[in-house]
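# Structural description and commentary
Letter by letter, the chains look like this.
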Amino acid sequence: MNTLMPMTRIFDAALANGQSCDPRADWALTPRADILESEKEFQIAMDMPGVQSSELEIEIENQMLKVKARRENSVPEGFENLRRERPGHSNFARNFTLGSSVDAENISAKLDNGVLWMTLPKSDKSLPRKIEVK
């Protein structure tokens, strides 16, 4: 006896449950992030699955690093929705308070395989230094 359910029956069962979301709705997501520290800089690694660099907005305002992104969840051409659990758009937002030890003028960012890497150099004033004894 074949215990596998045909694919059409799986879709029919899913559709019968009525578990779908409004495809026009927006979801606000808070992406997970790791904050790392070395002697000379901080790094923030933040999950941004499916986000393109053109959809990212990063700014600093009043010692606050603000990261925003919008991801379009479109249906490929030639297909139609049978069931939709993902909204039409997903918005990502996360804020980080910067301390005085961060050199805000030299922060850099790159997007690599769905992970946003931000490098926050430490300011010269906050770096350890030796004091010469005379």
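Given the structure is predicted, the values throughout are model-derived calculations rather than measurements.

### Some remarks on the nonpolar core
- Counting 16 residues, the largest nonpolar core has Met46, Met48, Met118 and Leu120 as its most contacted members.
- Mapped onto this core, the elements with two or more residues apiece are β3 (41-47), β5 (64-72), β6 (89-97) and β8 (115-121).
- With sequence-adjacent residues up to four places away left out, methionine 46 is seen in contact with Pro31, Arg32, Ala33, Val67, Arg94, Phe96, Gly114, Val115, Leu116 and Met118.

### Focus: the environment of serine 74
- Relative to the helices and strands, serine 74 is located in the loop between β5 and β6.
- Each C-alpha atom, one on serine 74 and one on histidine 89, is 8.2 Å from the other, the two residues being 15 residues apart in sequence.

### Description of the pattern of salt bridges
- Summed over all chains, the structure comprises two salt bridges.
- Of the charged contacts, one joins glutamate 37 and lysine 122 as a salt bridge, the two residues approaching to 2.6 Å between their closest N and O atoms. Placement of the pair is glutamate 37 in strand β2 (residues 33-37) and lysine 122 in the segment after β8, with a sequence separation of 85 residues.
- Its relative accessible area of 57% is what places glutamate 37 among the exposed residues.
- On the basis of relative accessibility, which here comes to 13%, the residue lysine 122 falls in the buried class.
- The partner of lysine 66 in a salt bridge is glutamate 61, with the nearest N and O atoms 3.5 Å apart.
- Using a relative accessible area of 39% as the deciding quantity, one classes glutamate 61 as partly exposed.

What counts and what doesn't
- All residue numbers here refer to positions counted from 1 along the written sequence of the relevant chain.
- Per-residue local features are limited, in this predicted model, to residues with pLDDT of at least 70; the limit for side-chain atom pairs, both in listing and counting, is 80 or more; totals at the level of whole chains, interfaces and linings are taken over all residues.
- Calculation of side-chain values draws on the structure's entire complement of heavy atoms; hydrogens and water are dropped beforehand.
- Only buried residues count toward a nonpolar core. Its members are Ala, Val, Leu, Ile, Met, Phe, Trp, Tyr and Cys residues joined through side-chain atoms within 4.5 Å.
- A simple rule labels every residue: compare its accessible area, found with a 1.4 Å probe on the protein chains alone, to the largest value its type can have, and call it buried under 20%, exposed over 50%, or partly exposed in between.
- Secondary structure is summarised from DSSP: a helix means a run of H or I of at least four residues, a strand means a run of E of at least two, and numbering begins at the N terminus for each.
- Only heavy atoms enter the contact rule, under which two residues are in contact if any of them lie within 4.5 Å.
- Whenever a carboxyl oxygen of Asp or Glu lies within 4 Å of a side-chain nitrogen of Lys or Arg, that contact is scored as a salt bridge.

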